[in-house]
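Summary of the model geometry
The residues making up each chain are set out below.
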Amino acid sequence: MKENVAMEKEEKKIYSPSEEKFIRHFSDNFDEISRHDFPEAKRMRQQAMETFRQSGFPDKTFERWRNTDPKGIFPKNMEIFDAEVPYEKKLSEIFVCEVHDFESRIISVLNGSYYQAGEEKITIDKNGVIVGSLAKAMQKYPQLVKKHLGRIMPQQDGFKNINTALAVDGVFIYVPDNIKVENTFQIINILNKPNLAVNIRNLVILGKNSHLQLLHCDDSVNRHGGLINKVNEVFLDENAELELYKLQNLNDKTTLLNQTAIDQSANSRLKINAFSLNGGMIRNEIFDLMNGENAWSDIHGLYLMDQKQHIDNQVNVFHNKPGCTSNQLFKGILDNEASGVFNGYIYVKRYAQQTNAFQKNSNILLTKTARIDTMPHLEIYADDVKCSHGASVGQLDEEAMFYLMQRGIPFTDARMLIMYAFTDVIIKEISIEPLRISIEDMVKRRLRGDLSICDRCVLHCSHPDQPVIFDIDMNKI
Amino acid sequence: MLLNIKNLHVSIDGKEIIKGLNFSVNQGEVHAIMGPNGTGKSTLAAAITGREGYEITQGEIIYKGQVINNWSPDKRANEGVFLSFQYPIEIPGVSMTNFMRTAINAKREYLGKTPISAKEFLKKMEANKKLVQIQSKLTNRSVNEGFSGGEKKKNEIFQMAMLEPKLAILDETDSGLDIDALRIVANGVNQLKSEENAFVVITHYQRLLDYIVPDFVHVMYDGRIVKSGGKKLALELEEKGYEWIKEQFEA
């Protein structure tokens with residue numbers, strides 16, 4: 001009886017034009033899409049598409065999409081793009097990212113594909129560090145990829161299934177045991193053609209006692225609309241440490257779905273700082289799986305949205321083992337008609353004793369039309385747990401405004417100073433000094449309304465003066 | 001005359017707090033305003049400094065010959081009006097150095113001057129820190145964050161010294177101070193006192209007036225100044241309390 005109902009429902013499933021487009025793209029191009037796959041990966045795609053055929057994309061009736069309507073995120077005349085982008089020297093200039101005193105190893109992703117001259121598409125360093133295209137890694141290091149790909153994302157939905165079914169490429173990083181990578185790796189992801197929908201899959205594996213600083217930039221270099229559907233899988237083996245900085249500066253027509261799962265082994269440390277400065281719609285989903293004892297994570301974020309932009313942060317921390325600590329801290333300023341969502345989930349398993357789990361979300365709404373939906377979700381089954389959560393939504397502090405103005409500081413500067421002060425706690429967590437100075441400068445310019453889309457990676461376009469004694473120069477802010 | 005307040009009426013949320021107050025201050029003078037709680041002393045300070053929500057329904061505040069009723073708080077500040085807050089605000093994330101430099105440069109810009117040089121600024125900071133005996137490095141400290149009650153009040157006087165106001169209003173600067181901090185604060189004020197500026201000291205107690213000696217003492221009651229006199233009036237109030245004023249006034 002039950003089966004019949006399910007069958008009936010399945011038959012009745014009416015696809016939206018975009019769902020249909022993805023399904024058709026899959027069946028028309030399957031051989032092409034799966035050309036790099038080992039057999040397991042191929043099966044994974046087929047299964048994901050099968051699930052997608054049943055569920056389609058989520059809509060507002062889904063609990064996790066209640067305050068973010070995915071309906072409008074597909075670009076008009078959408079082109080599902082998964083072709084390899086041929087390397088041209090001239091084009092690669094958009095990936096030049098010069099920041100004073102900041103040396104990074106740049107990893108370019110253009111229109112969803114790993115962008116590098118052919119023979120350099122995957123490289124292995126002397127110390128065993130592998131950096132390259134995921135498609136290439138599947139061929140060259142199939143065992144390593146097989147062991148990790150598609151293993152940890154704890155929650156599936158239409159977007160993640162579409163990613164699994166259709167993503168052809170992305171970034172692969174492998175750091176062997178005991179290797180502390182010295183320079184920062186910087187992934188720059190850019191779309192440069194109109195109306196693209198791209199699926200990107202990134203896989204980052206850190207061996208025991210290893211250390212990596214990774215900066216992940218999503219930039220727009222023009223005003224074209226687009227959809228970036230990204231799934232990141234990150235593995236931190238015992239005692240590994242990852243500092244992950246996300247810098248999102250996209251145009252108002254671009255949607256970014258950034259879905260990250262992290263598997264933390266014992267004593268591993270994770271630090272995420274996500275800066276969402278611009279973007280039509282940005283949704284960051286983070287699934288932090290604490291699968292080893294005494295793991296630590298700081299998951300912090302700052303979002304500054306205006307106009308009709310929308311930001312959605314979904315942070316999920318799973319305390320599956322005892323003695324782990326997690327800190328979620330997200331702060332945001334919303335102007336005009338911008339809207340935001342923060343859902344912070346903390347799950348503590350029955351045997352995960354001595355858990356410390358904290359969560360905080362603070363917001364400033366600058367207008368009556370700006371909006372934030374913030375909600376903590378806590379499920380705790382252990383009894384020896386320290387856990388706290390808090391959310392605040394407010395306007396600019398009037399008392400502080402008066403205090404500053406009484407000292408002669410004009411309204412607009414006082415307002416800026418208070419907004420900047422609000423963001424400071426997140427910015428000062430950036431341990432890479434020149435990067436901190438640059439991001440600080442970008443945040444100030446963003447608050448002033450000066451920061452917009454530049455023709456390169458946004459960090460390149462920021463020019464912080466060299467502050468020597470004073471941390472804020474009001475002539476600039 | 002530096003400040004001349006005529007028939008001032010001030011309401012908060014439609015409730016009248018100040019009910020026809022007259023008060024004037026000349027350069028070089030120190031005035032003390034005393035009186036029981038809830039008589040409108042802090043409201044007067046807020047009205048003079050232009051705080052939002054304090055509505056002047058009648059009367060005029062004339063400062064340096066101009067009616068300033070509609071001036072913004074920052075304009076008043078840049079023209080030389082300073083308020084030492086009863087409850088200084090903590091502003092995490094804004095360093096003291098930054099805050100002071102921003103304030104000084106705002107004033108300089110207002111006066112059509114170029115920004116202060118880093119060297120000159122630091123010199124000034126060091127000199128004024130000494131004045132109120134602030135030992136800590138202010139560079140790395142956020143405005144009032146983690147300051148003790150005494151430090152916060154010293155910090156107010158420090159800011160006053162940095163900004164060199166013409167008219168300084170000290171709103172219960174003595175509350176919450178131990179005797180040593182009180183001396184330091186008073187000493188700071190006395191050193192800043194000149195023929196060019198004036199002080200209005202709002203206080204409950206005569207104690208502060210042992211150190212900052214007023215030229216005039218005024219008693220506020222029910223939104224008005226009901227009694228004015230010399231410094232002896234403060235002693236009289238200390239001795240007799242405010243009851244006799246109330247009785248006299250209500251009779």
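Calculation notes
- For every chain, the first residue of its written sequence is number 1, and the numbers climb from 1 along that sequence.
- By the order in which they are written, chains take letters starting at A while ligands take numbers starting at 1.
- Thresholds applied to this predicted model are a pLDDT of at least 70 for local features of residues and 80 or more for the giving and counting of side-chain atom pairs; totals over whole chains, interfaces and linings are not thresholded and use all residues.
- Where helices and strands are cited, they refer to DSSP runs of H or I of at least four residues and of E of at least two residues respectively, numbered from the N terminus.
- This radius of gyration counts C-alpha atoms alone. The globule rule is 2.2 Å times how many residues there are, raised to the power 0.38.
- Exposure criterion: with C-beta atoms placed from backbone coordinates, a residue whose C-beta has 20 or more other C-beta atoms within 10 Å is buried, one with 12 or fewer is exposed, and one in between is partly exposed.
- Here, residues touch in the contact sense if the C-beta positions derived from the backbone fall within 7 Å of one another.
- For the domain bounds, the source is a domain assignment made automatically or taken from a database.
- The span one expects for a helix is its residue count, reduced by one, times 1.5 Å.
- When DSSP locates at least two bridges between a pair of strands, those strands are taken to pair.
- Angles here are taken between N-to-C directions and fall from 0 to 180 degrees, while the axes themselves are lines fitted to C-alpha atoms, restricted in helices to the stretch in contact.
- Crossing handedness: left-handed means the near helix sits turned counterclockwise from the far one by under a right angle, and right-handed means the same turn made clockwise.
- Polar here means any residue outside two lists: the nonpolar Ala, Val, Leu, Ile, Met, Phe, Trp, Tyr, Cys and Pro, and the charged Asp, Glu, Lys and Arg; Gly therefore counts as polar.
- To define a nonpolar core, we join buried Ala, Val, Leu, Ile, Met, Phe, Trp, Tyr and Cys residues through C-beta atoms within 7 Å and take the resulting set.
- pLDDT measures the predictor's confidence residue by residue and takes values from 0 up to 100.
- Every angle not falling under 35 degrees, over 145, or within 65 to 115 is termed oblique; those three ranges are roughly parallel, roughly antiparallel and roughly perpendicular.

From N to C terminus, chain A includes 10 helices and 21 strands. Taken against the 2.2 N^0.38 rule, which gives 23 Å for 477 residues, the C-alpha radius of gyration of chain A at 22 Å falls within 12% of a compact globule. Considered along the principal axes of its C-alpha atoms, chain A spans approximately 70 × 55 × 45 Å. A buried classification covers 52% of the 477 residues belonging to chain A.

On to the overall build of chain B, then. Secondary structure assignment for chain B yields 8 helices and 12 strands. Its C-alpha radius of gyration of 18 Å places chain B within 12% of the 18 Å reference for a compact globule of 251 residues. Seen along its three principal axes, the alpha-carbon backbone of chain B occupies a region of about 60 × 40 × 35 Å. In chain B, buried positions account for 46% of the 251 residues. Long-range contacts, defined here as pairs at least 24 residues apart, represent 72% of the contacts in chain B between residues at least 6 apart.

Right, let's get into the interface of chain B and chain A. If you look at the interface, chain B gives 28 residues, while chain A gives 23 residues. For the side of chain B that touches chain A, the secondary structure elements donating two or more residues are helix 2 (73-78), strand 7 (91-95), helix 3 (96-110) and helix 5 (149-163) of chain B. Per element, the largest residue contribution to the side of chain B that touches chain A is 9 residues, and it comes from helix 3 of chain B.

Turning our attention to the domain arrangement of chain A. All names here are of chain A. Taken domain by domain, chain A comprises domain 1 (13-292) and domain 2 (410-477). Each of domain 1 and domain 2 was reduced to a C-alpha centroid, and the two centroids are 28 Å apart. Between domain 1 and domain 2, the residue contacts involve 26 residues of the former and 19 residues of the latter. Elements that contribute at least two residues to the side of domain 1 that touches domain 2 include exactly strand 7 (184-191), strand 9 (211-220), strand 11 (241-249) and strand 13 (269-278). When residues of the side of domain 1 that touches domain 2 are assigned to their parent elements, the largest contribution, 5 residues, is made by strand 9.

Residues and elements named next belong to chain A. The residue Gly207 is located in the loop between strand 8 (196-206) and strand 9 in this model. Residue classification places Gly207 among the partly exposed residues on the basis of 19 C-beta atoms within 10 Å. Sequence spacing of Gly207 and Arg436 is 229 residues, and the spatial spacing of their C-alpha atoms is 27 Å. When near neighbours in sequence (up to four residues on either side) are disregarded, Gly207 contacts Val175, Pro176, Asp177, Ile179, Asp237 and Ala240.

To continue, consider helix 6 (residues 179-192) of chain B. Think of an α-helix as 3.6 residues a turn; residues three or four steps apart then line up on the same face. Residues and elements named next belong to chain B. Look at helix 6: 20 Å from first C-alpha to last across 14 residues, which is about the 20 Å you get at 1.5 Å a residue. By the burial criterion, the buried members of helix 6 are Ala181, Leu182, Ile184, Val185, Ala186, Gly188 and Val189. Check the buried side of helix 6 and you find it contacts helix 4 (118-131), helix 5 and strand 10 (198-202).

Right, let's get into the sheet that holds strand 2 (residues 15-25) of chain B. Residues and elements named next belong to chain B. Here we have 4 strands laid out as an open sheet, ordered 2-1-4-5, and antiparallel in their pairing. What marks the edges here is a single partner per strand, and that holds for strand 2 and strand 5 (66-67). Where strand 1 (residues 3-12) lies against strand 4 (residues 54-63), 8 bridges are found, and the strand directions are antiparallel. In the strand pairing of strand 4, Val10 is matched with Ile56. Together, strand 1, strand 2 and strand 4 form the strand contacts of helix 1 (residues 41-49), whose direction differs from that of strand 4 by roughly 65 degrees.

All names here are of chain A. Of all 10 residues making up strand 17 (residues 325-334), 8 are buried, and the element is well covered by its neighbours. Pairing of strand 15 (residues 296-305) with strand 17, which is carried by 10 bridges, proceeds in the parallel orientation. Of the residues in strand 17, the one forming a bridge with Leu302 is Lys331. Taken together, the 10 bridges between strand 17 and strand 19 (residues 355-365) define a ladder with parallel strand orientation. Bridged to Ser326 within strand 19 is Ala357.

Right, let's get into the sheet that holds strand 7 of chain A. Residue and element names in this part refer to chain A. Taken together, 10 strands build an open sheet; the order of strands is 3-2-7-9-11-13-15-17-19-21 and the sheet is mixed. Of all the strands in the sheet, the pair left with one neighbour each is strand 3 (113-114) and strand 21 (385-394). For strand 2 (residues 104-110) and strand 7, the ladder comprises 7 bridges, and the chain directions are parallel. Residue pairing across strands places Ile107 opposite Ile187, the latter belonging to strand 7.

All names here are of chain B. Packing of helix 3 against helix 5 brings their axes to within 10 Å, and their N-to-C directions diverge by 35 degrees. Helix 3 and helix 5 meet at a crossing whose hand is right-handed. Where helix 3 approaches helix 5, its residues Met100, Ala103, Ile104 and Lys107 are matched on the opposing element by Gln159, Met162 and Leu163. Tallied by class, residues from the contact of helix 3 with helix 5 come to 5 nonpolar, 1 polar and 1 charged.

The next thing to look at is the nonpolar core. Of all hydrophobic cores here, the largest spans 200 residues; its most connected members are Ile173, Leu206 and Leu242 of chain A together with Phe82, Leu167, Ile169 and Val201 of chain B. The leading source of residues in this core is helix 8 (residues 411-427) of chain A, at 9 residues. When residues of this core are sorted by domain, at least three fall in each of domain 1 (13-292) and domain 2 (410-477) of chain A. Apart from the residues lying within four places of it in its own chain, the contact partners of Ile173 of chain A are Val131, Phe185, Val204 and Ile205 of chain A.

Take the confidence of the model for chain A next. On average, residues of chain A score 90 in pLDDT, and 92% of them reach the 70 mark or higher. Note on residues 1-6 of chain A: pLDDT is under 50 here. Beyond four places in sequence and across chains, it has 0 contacts.

Take the environment of Phe38 of chain A next. Residues and elements named next belong to chain A. Mapping Phe38 onto the fold places it in the loop between helix 2 (17-33) and helix 3 (39-55). Taking the number of C-beta atoms within 10 Å as the measure of exposure, Phe38 has 16 and is therefore partly exposed. Taking the C-alpha atoms as reference points, Phe38 and Gln143, 105 residues apart in sequence, are found 9.7 Å from one another. Not counting chain neighbours up to four residues away, the residues in contact with Phe38 comprise Met138, Pro142 and Lys146.

This part covers unusual backbone geometry. Leaving glycine aside, a negative phi is the common case for residues, and trans is the common case for peptide bonds. Residue and element names in this part refer to chain A. Not every positive phi belongs to a glycine, and Asn209 is a case in point at roughly 55 degrees. Note that Asn209 resides in the loop between strand 8 and strand 9. Among the residues examined, Asn209 registers 17 C-beta atoms within 10 Å and is labelled partly exposed. For Gln354, which is not glycine, the phi dihedral falls at a positive 55 degrees. With respect to the element layout, Gln354 can be found in the loop between strand 18 (339-348) and strand 19.

The next subject is the packing of helix 5 of chain B against helix 6 of chain B. Residues and elements named next belong to chain B. The contact between helix 5 and helix 6 brings their axes to 10 Å, and the two run at 5 degrees. Overall, the two elements helix 5 and helix 6 adopt an arrangement that is roughly parallel. Every residue of helix 6 that contacts helix 5 at Gly150, Lys153, Lys154, Ile157, Met160 and Ala161 is listed here: Ala181, Ile184, Val185, Gly188, Val189 and Leu192. Taken together, the residues of the contact of helix 5 with helix 6 break down into 8 nonpolar, 2 polar and 2 charged.

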